[in-house]
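Each chain, written out:
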Amino acid sequence: MTRVSLHGGVCPCCAKRFKAEPPEGLEPGSPFGPNLRAFVIYLRSVQGIPLARLSHVLRDLFGLDISEGALVNILDASREPFAMQTSLIKARLLAGTALASDETGMRVGKGNWWLWVFHHADSAVFIAAKHRSKAVVHAFLGDWRPDYWISDRYGGQMGWATREHQVCLAHLIRDVQYAIDSGDAVFAPGLKGLLKRACAIGRRRDALTDGTLKIYEADLNRRLDRLMSLIPADQAGVKLQTIIKKVRRHLFVFVTNRDLTATNNGSERALRPCAVYRKITNGFRSEWGAALYADIRSVVETARRRSVRAIDAIRLTLQGLPIPSVA
């Protein structure tokens, strides 16, 4: 740390007060350098260290006496550069043809909020919102619509793709297992095997030709037709069959579309650090803190997908530089 003392006084001739000018490059501003600010943001938002403990960490490791209020000021001052970086990530994300989405709960002040993630390939954007409704998706997309969408069957995430929507088969397999546990021995067991077969084809897709994938897709649909002709003897099976009738055209879109996946696991992995952070901190006291965390997660998750370290991505953001894209 460099401390600059500016001396002043009173002119003995004109009796005017004067003050020395600071050296070039040492103008008044934050006493904390960019590396320290990046380190604070990383430890607080990525590693989830509470502010009180973070103040002790900085004192014990580096001999820096920084109050919790000063740490909050460091975070507050980073809002604009992280918002700008997130806007760049969003622009790249909306330039593609596919999106995946999911959401998880978060606590802001005394209210329950939702943390949404929209992602595909090497870009991910997180949004902190008060609601879990289609209004959040509409506000994020504006007038733009992707060709393809991957999500679970929650209504707020359905109906946004202009061409096809792929529902998460992992969530569906969980519901099928519930029907089996409830006593359905007619429809659910066969459906579970079919969905697992579809997921297995998705894992082998890189080694298969387009023609072979079309054959697999036709075979999956024929098997599904035979299953749908069955009459479940249990109420759980009847309910499950009704669900499949509504979403059957969204089950196997991924088989022939290599940009899509059979499950929404990418969204789950992106939200997992947020769930861990929620358990550590119990949420946010202010709305701007939640919005800043969403922007920081956007930067960190995008950097991970682009093989850039989190601390390096934070430094680039504070410098106003974009995160390099994957070649």
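The present account deals with the structure reproduced in this document. (Residues numbered from 1 in each chain as written. Predicted model: local features only at pLDDT ≥ 70, side-chain atom pairs only at ≥ 80, totals over all residues. Heavy atoms only, no water.)

Another point: the packing of helix α8 (residues 210–228) against helix α9 (residues 235–247). It is the contact of α8 with α9, at a shortest axis distance of 11 Å, that shows an interaxial angle of 140°. As far as their axial angle goes, α9 and α8 are oblique. Every pair of crossing elements has a handedness; the one defined by α8 and α9 is left-handed. Contact residues: α8 offers Leu224, Leu227 and Met228, while α9 offers Gln241, Ile244 and Lys245. A class-by-class count of the residues in the contact of α8 with α9 yields four nonpolar, one polar and one charged. (Axes fitted to C-alpha atoms, helices over the stretch in contact; angles between N-to-C directions. Helix = DSSP H or I, 4+ residues; strand = E, 2+ residues; numbered from the N terminus. Parallel < 35°, antiparallel > 145°, perpendicular 65-115°, else oblique. Left-handed = near helix turned anticlockwise from the far one by under 90°. Contact = heavy atoms within 4.5 Å. Nonpolar A, V, L, I, M, F, W, Y, C, P; charged D, E, K, R; others polar.)

Inspection of the secondary structure puts Lys239 in helix α9. Between the C-alpha atoms of Lys239 and Ala77, which are 162 residues apart in sequence, the distance is 52 Å.

This part covers the environment of Ala20. Relative to the assigned elements, Ala20 resides in the loop between β2 (17–19) and α1 (34–46). As a C-alpha pair, Ala20 and Phe254 span 234 residues in sequence and 68 Å in three-dimensional space. Ala20 has contacts with Leu6 and His7, leaving out every residue within four places of it along the chain.

Okay, the pairing of strand β6 (residues 148–151) next. Neither face of β6 is left uncovered, since the one carrying Tyr148 and Ile150 and the one carrying Trp149 and Ser151 both have all their residues buried. With three bridges joining them, strand β3 (residues 98–108) and β6 adopt parallel strand pairing. Residue pairing for β6: Ala100 is matched across the bridge by Ile150. As paired elements, β6 and strand β7 (residues 164–167) share four bridges and run parallel to each other. Among the inter-strand pairings, Tyr148 is bridged to a residue of β7, identified as Glu164. (Buried < 20%, exposed > 50% of the residue type's maximum accessible area, 1.4 Å probe, protein only. Pairing = 2+ DSSP bridges.)

The next thing to look at is the packing of helix α7 (residues 188–203) against α8. Where α7 contacts α8, the axes come no closer than 10 Å and their chain directions differ by 170°. As far as their axial angle goes, α8 and α7 are roughly antiparallel. Residues Gly190, Leu191, Leu194, Arg197, Ala198 and Ile201 of α7 pack against Leu213, Tyr216, Asp219, Leu220, Arg223, Leu224 and Leu227 of α8. When the residues that make up the contact of α7 with α8 are grouped by side-chain class, the tally is nine nonpolar, one polar and three charged.

In this structure the tally under the stated criterion is seven aromatic pairs. An angle of 80° between the planes, with centres 6.4 Å apart, marks the rings of Phe118 and Trp149 as edge-to-face. Of this pair, Phe118 sits in strand β4 (residues 111–120) while Trp149 sits in strand β6, placing them 31 residues apart in sequence. For Trp149, a relative accessible area of 0% gives the class buried. Centre to centre, the rings of Tyr277 and Phe284 are 5.8 Å apart; their planes meet at 25°, and the pair counts as stacked. We classify Tyr277 as buried; its relative accessible area is 5%. Its relative accessible area of 13% is what places Phe284 among the buried residues. Taken together through their ring pairs, the aromatic side chains of Trp116, Phe118, Phe140 and Trp149 make up a single cluster. In this structure, Arg132 is placed above the aromatic ring of Trp114, and the distance from its NZ or CZ to the ring centre is 5.0 Å. The ring of Trp160 carries the charged tip of Lys134 above its face, separated from the ring centre by 6.0 Å. (Phe/Tyr/Trp six-rings, centres within 6.5 Å; stacked < 30°, edge-to-face > 60°. Lys NZ or Arg CZ within 6 Å of the ring centre and 35° of its normal.)

Another point: the pattern of salt bridges. Inspection of the entire model under this criterion finds 17 salt bridges. Two residues, Arg92 and Asp122, come together in a salt bridge whose shortest N-O distance is 3.0 Å. Taken together, the residues Arg92 in helix α4 (residues 79–93) and Asp122 in the loop between β4 and β5 (123–129) connect sequence positions 30 residues apart. In this structure Asp122 comes out as buried when scored by relative accessible area, which is 11%. Asp175 serves as the salt-bridge partner of Arg174, at 3.6 Å between the closest nitrogen and oxygen. Look at the salt bridges and you will find they share partners, linking Arg197, Asp219, Arg222 and Arg223 into a network. (Salt bridge = Lys/Arg side-chain N within 4 Å of Asp/Glu carboxyl O.)

Everything listed is a geometric property; what it means functionally is a separate question.
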